[in-house]
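The primary structure of each chain is shown beneath.
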Amino acid sequence: MIDTVMFDLDGTLLPVDTDKMIMDYFKAISKKISAHFEPSFFQNALFTASMDMINNLDPDKTNEEAFFDSFLKIVKYPKEKLMTIFNDFYENDYKNLGLGVCKNEYVKMSVELLKEKGYDIVLATNPIFPDIAIKERLRWAGLDHTYFSFITSYEIMHYCKPYIEYYKEIVYKLNKDPQNCIMIGNDVDEDIVSSSIGFKTFLVDEFMINRSSKDISTIDRGNYKDMYAYIKRLPVIR
């Protein structure tokens, strides 16, 4: 029996173009740190370290550790000083990136309906950001982090999307049966891949990403209103 629903964040609960949001983030954090690094050098270092983190499959290394192992080798700057700048950025400047985001009414309605029906709700966002940044983006979507029993951040996860190890780690940490889980997301390669270990899936297609042009004809999918209708059809389990 389905008892758990997992949501992606960017392009799913948060109605944004993910690629544009990442570019805006790169520009904003580069501006913040421009007194210490030349912007193009910093952006290249940030991109390289982020990719090293995403592709890291060492089960003994968190994503945060993988990122800084790579990043510090490139920038050769004390981590303590970097963390002071990064923390100030996320506590202050980062909030400005959400000013132009428009909430979708069906997002909060869907999450609240799942809560009413008794489902465990997990935020299965790609864990390449710290917890503080993820919770800030949830606010942009009009959601409180307390709706979610578990949030995948780079402090606690050891794998990233699109690797299936990411989903295996979630079900292991939460003692879930994949066949009792639904993954709702907008990225065919990163979210719908969960079906390979038994997840049921729903593809939100308003901000759909399908980089490898996979056949999606057999996948449950639709816009935000369709997502809400899909959730309405789920039985009450409480």
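Everything quoted here is computed from the prediction, not taken from an experiment.

Engineer: Honestly, the pairing of strand β1 (residues 4-7) in this entry has me stumped. Any pointers?
Structural biologist: The two faces of the sheet receive side chains in turn, since in a regular strand these alternate between them. By the alternation rule, side chains of β1 split into Thr 4 and Met 6 and Val 5 and Phe 7, which are all buried. Bridge count between β1 and strand β2 (residues 120-123): 4 bridges; the pairing is parallel. Its bridge partner being in β2, Thr 4 is matched across the sheet by Asp 120. Bridging between β1 and strand β4 (residues 181-185) involves 4 bridges; their strand directions are parallel. Looking across to β4, one finds that Phe 7 is bridged to Ile 184.

Engineer: Can you walk me through the pattern of salt bridges in this structure?
Structural biologist: Side chains that differ in charge, positive against negative, can pair when their charged atoms come close. According to the stated counting rule, one finds 14 salt bridges in the structure shown. Residue Asp 88 is joined to Lys 32 by a salt bridge in which the shortest nitrogen-to-oxygen separation is 2.3 Å. Here Asp 88 is found in helix α4 (residues 79-91), whereas its partner Lys 32 is found in helix α1 (residues 18-32), with 56 residues between them in sequence. Two residues, Arg 211 and Asp 187, come together in a salt bridge whose shortest N-O distance is 3.5 Å. Within this pair, whereas Arg 211 is found in the loop between β5 (200-204) and β6 (221-222), its partner Asp 187 is found in the loop between β4 and β5, the two being separated by 24 residues in sequence. Among the ionic contacts, a cluster of salt bridges with common partners joins Asp 8, Lys 161 and Asp 191.

Engineer: I tried to follow the domain arrangement of the chain on my own but got confused; where do I start?
Structural biologist: Interface size, as often reported, equals the accessible area lost upon joining of the parts. In terms of domains, the chain is made up of domain 1 (4-16 + 102-233) and domain 2 (19-98). Look at where the C-alpha atoms of domain 1 and domain 2 centre, and you get two points 24 Å apart. The partner domain 2 presents 23 residues to the 22 residues of domain 1 that form the contact. Together, Trp 140, Tyr 154 and His 158 form the three largest contributors to the area buried by domain 1 at its contact with domain 2, with a combined 30%. Put simply, domain 1 and domain 2 have 1 salt bridge between them. A salt bridge links Arg 211 to Asp 19; its shortest N-O distance comes to 3.0 Å. For the pair domain 1 and domain 2, the number of links is 7 residue pairs in polar contact (both at pLDDT 80 or more). The greatest single-element share of the side of domain 1 that touches domain 2, amounting to 5 residues, is contributed by helix α6 (residues 131-140). The residue inventory of the side of domain 1 that touches domain 2, partitioned by class, reads 14 nonpolar, 1 polar and 7 charged.

Analysis parameters
Residues numbered from 1 in each chain as written. Predicted model: local features only at pLDDT ≥ 70, side-chain atom pairs only at ≥ 80, totals over all residues. Heavy atoms only, no water. Buried < 20%, exposed > 50% of the residue type's maximum accessible area, 1.4 Å probe, protein only. Helix = DSSP H or I, 4+ residues; strand = E, 2+ residues; numbered from the N terminus. Pairing = 2+ DSSP bridges. Salt bridge = Lys/Arg side-chain N within 4 Å of Asp/Glu carboxyl O. Domains from an automatic or database assignment. Contact = heavy atoms within 4.5 Å. Buried area = accessible area lost by both parts, 1.4 Å probe. Polar contact = N/O pair within 3.5 Å; in protein donor to acceptor, adjacent residues only side chain to side chain. Nonpolar A, V, L, I, M, F, W, Y, C, P; charged D, E, K, R; others polar.

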